[in-house]
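Topology and contacts: notes
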Amino acid sequence: MHRLSGTNAIKNANFIAIDFETATTKRMPCQIGIVVVKEGTIVEKISKLIQPPGNRYSDQCVKVHKITPEITKRSPTFDQVWNDIKSYFEGNFIIAHNASFDLDVLKKSLHAYNIPHPIFMGTSCTYELSGMSLVDACNTYNIPLCSHHDGLCDAEACAQLFLKYLNGEINNIASKSNIENYESIRPLDKQIFNNPHHNFDSIGYTSFLEECSQNDPLKDFNPDLISSLQPLSEFINKRFIITGGTIFNRDHAYQIIEKLGGKKSSPISKSLNYAILGKEPGPKKIEQIDNLKAEGYNINIISDIEFIELIKSSIELHYERQ
């Protein structure tokens, strides 16, 4: 079966694009944006603020999206919001940019309130399809991004990006090798998704790692480029640890970190500065990191995509200063 594209794909495009903003590094949501697409047209947009547990926020998260405890102090909690939005998830095809993050936020929130998981028709990730951050993809494909890190703005940009993919306007090599028809992307089995502790190898985690080894977004950092890198203030003497299945080769990432002045942290210690999380990060490592953060140590927890953006922005800023 070949991938639908052009008029037929758009005519048959029915999906839900979502984006969560989170209050803490434990991925408790403070906002969700939902965009409903029917037959290739955006027909509904929903934005809901969510009061996280205890209305607690980390400074790191507030800096990203500018949502504060004052803004959500009268907002409903996730279980109350879920009553209003669950119909958008059940039986629908779900799209997100960095979908592993947004689906993990959903899973953790449902589990926290003992709410049954919805059954999706399937899921897809526009980061994997485009190979770019949302900002870069929007710039490349002329998609408006009114306010990055606003849940509704990002969800709408994600929806527009997926429509362009279906229309054949996005030709990322990774998307060609991974996807034949969007209607069959990552179908989820009810028994699997209802088990919050399930090992995701059975729905493609192993193949995900194999794909990443072939389509490493850091592959342009060849030996010559890495050798030319100079230490940058954002990395000098900072300690990094990577856990879980990342979209890049881990050894390659550590080489770049070290050339930029950073250090590999193993094992986890009080001197850790950055924890980079991929899919299914080690539970013992997460527990150790959470315990250190609870003791007041300033550890930045970022996704693999955010790590790539950190490298890119740091290098760009360095050349702008010169």
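Keep in mind the model is a prediction, meaning the values are calculated, not measured. (Residues numbered from 1 in each chain as written. Predicted model: local features only at pLDDT ≥ 70, side-chain atom pairs only at ≥ 80, totals over all residues. Heavy atoms only, no water.)

Description of the overall build of the protein chain
Scanning the protein chain for helices and strands turns up 15 helices and nine strands. With 322 residues in all, the protein chain has 51% of them scored as buried. Considering only contacts within the protein chain whose residues lie at least 6 apart along the sequence, 74% involve residues at least 24 apart. When the accessible area of the protein chain is evaluated, it comes to approximately 15,700 Å², of which 48% is carbon and sulfur surface. (Helix = DSSP H or I, 4+ residues; strand = E, 2+ residues; numbered from the N terminus. Buried < 20%, exposed > 50% of the residue type's maximum accessible area, 1.4 Å probe, protein only. Contact = heavy atoms within 4.5 Å. Areas by Shrake-Rupley, 256 points an atom, 1.4 Å probe, with all protein chains shown as cover.)

Some thoughts on the pattern of salt bridges
Throughout the structure, instances matching the rule amount to six salt bridges. Taking the shortest distance from any N to any O, the salt bridge between arginine 27 and aspartate 104 comes out at 2.9 Å. Taken together, the residues arginine 27 in the loop between β1 (15-22) and β2 (29-38) and aspartate 104 in helix α5 (residues 99-112) connect sequence positions 77 residues apart. The closest approach of N and O atoms between lysine 108 and aspartate 104, which form a salt bridge, is 2.6 Å. (Salt bridge = Lys/Arg side-chain N within 4 Å of Asp/Glu carboxyl O.)

Observations regarding the packing of helix α4 (residues 78-89) against α5
Contact geometry of α4 with α5 gives a least axis separation of 11 Å together with a crossing angle of 125°. Classified by the angle their axes make, α4 and α5 are oblique. The crossing of α4 and α5 is left-handed. Mapping the contact onto sequence places Phe78, Trp82 and Phe89 in α4 and Leu106, Ser109 and Leu110 in α5. Of the residues that constitute the contact of α4 with α5, the class distribution is five nonpolar, one polar and no charged. (Axes fitted to C-alpha atoms, helices over the stretch in contact; angles between N-to-C directions. Parallel < 35°, antiparallel > 145°, perpendicular 65-115°, else oblique. Left-handed = near helix turned anticlockwise from the far one by under 90°. Nonpolar A, V, L, I, M, F, W, Y, C, P; charged D, E, K, R; others polar.)

A look at the sheet that holds strand β8 (residues 274-277)
The four strands lie next to each other as β7-β6-β8-β9, forming an open sheet whose pairing is parallel. Taken across any chain shown, the strands that pair with only one partner, and hence form the sheet edges, are β7 (263-264) and β9 (300-303). Each of β6 (239-243), β8 and β9 is contacted by helix α14 (residues 283-294), which is oriented at about 140° to β6, the strand it contacts most. (Pairing = 2+ DSSP bridges.)

Concerning α4
The end-to-end C-alpha distance of α4 is 14 Å, clearly below the 16 Å that 12 residues give at a rise of 1.5 Å each. The complete set of buried residues in α4 reads Phe78, Val81, Trp82, Ile85, Tyr88 and Phe89. Buried residues along α4 cover an arc of 105° about the axis, so they all sit on one side. Facing away from the buried side of α4 by over 90 degrees, the exposed positions are Asn83 and Ser87. Residue glycine 91 follows α4 closely and has a positive phi angle near 75°. (Expected span 1.5 Å × (residues − 1). Arc of directions from axis to C-beta.)

Overview of the packing of aromatic side chains
Evaluation of the coordinates by the stated rule reveals 11 aromatic pairs. Ring geometry for phenylalanine 78 against tryptophan 82: centres 5.7 Å apart, planes inclined by 25°, an arrangement best described as stacked. Here tryptophan 82 and phenylalanine 78 lie together in helix α4, a separation of four residues that amounts to about one turn. Each member of the pair, phenylalanine 78 as well as tryptophan 82, carries the same accessibility label: buried. Between the aromatic rings of phenylalanine 240 and phenylalanine 307, the centroid separation amounts to 6.4 Å while the plane-to-plane angle is 70°, which identifies the pairing as edge-to-face. Placement of the pair is phenylalanine 240 in strand β6 and phenylalanine 307 in helix α15 (residues 304-321), with a sequence separation of 67 residues. Residues phenylalanine 240 and phenylalanine 307 agree in their burial class; the two are buried. (Phe/Tyr/Trp six-rings, centres within 6.5 Å; stacked < 30°, edge-to-face > 60°.)

A closer look at the confidence of the model for the protein chain
Averaged over every residue, the pLDDT of the protein chain is 80; the share at 70 or more is 81%. Taken element by element, the predicted model of the protein chain shows its lowest mean pLDDT in helix α10 (residues 190-193) (30) and its highest in helix α3 (residues 69-72) (97). This stretch, residues 1-5, has a pLDDT under 50; its non-local contacts, to residues over four places away or in other chains, come to 15 contacts. Low pLDDT, under 50, characterises residues 173-214; the stretch is placed with 75 contacts to residues that sit more than four places away or in other chains. (pLDDT = per-residue confidence, 0-100.)

Thoughts on the side chain of serine 109
With respect to the helices and strands, the residue serine 109 is situated in helix α5. Since its relative accessible area comes to 1%, serine 109 is described here as buried. A polar contact of 2.9 Å, which involves the side chain of serine 109, links it to the backbone oxygen of valine 105. Excluding residues that lie within four positions of it along the chain, serine 109 makes contacts with Met28, Pro29 and Phe78. (Polar contact = N/O pair within 3.5 Å; in protein donor to acceptor, adjacent residues only side chain to side chain.)

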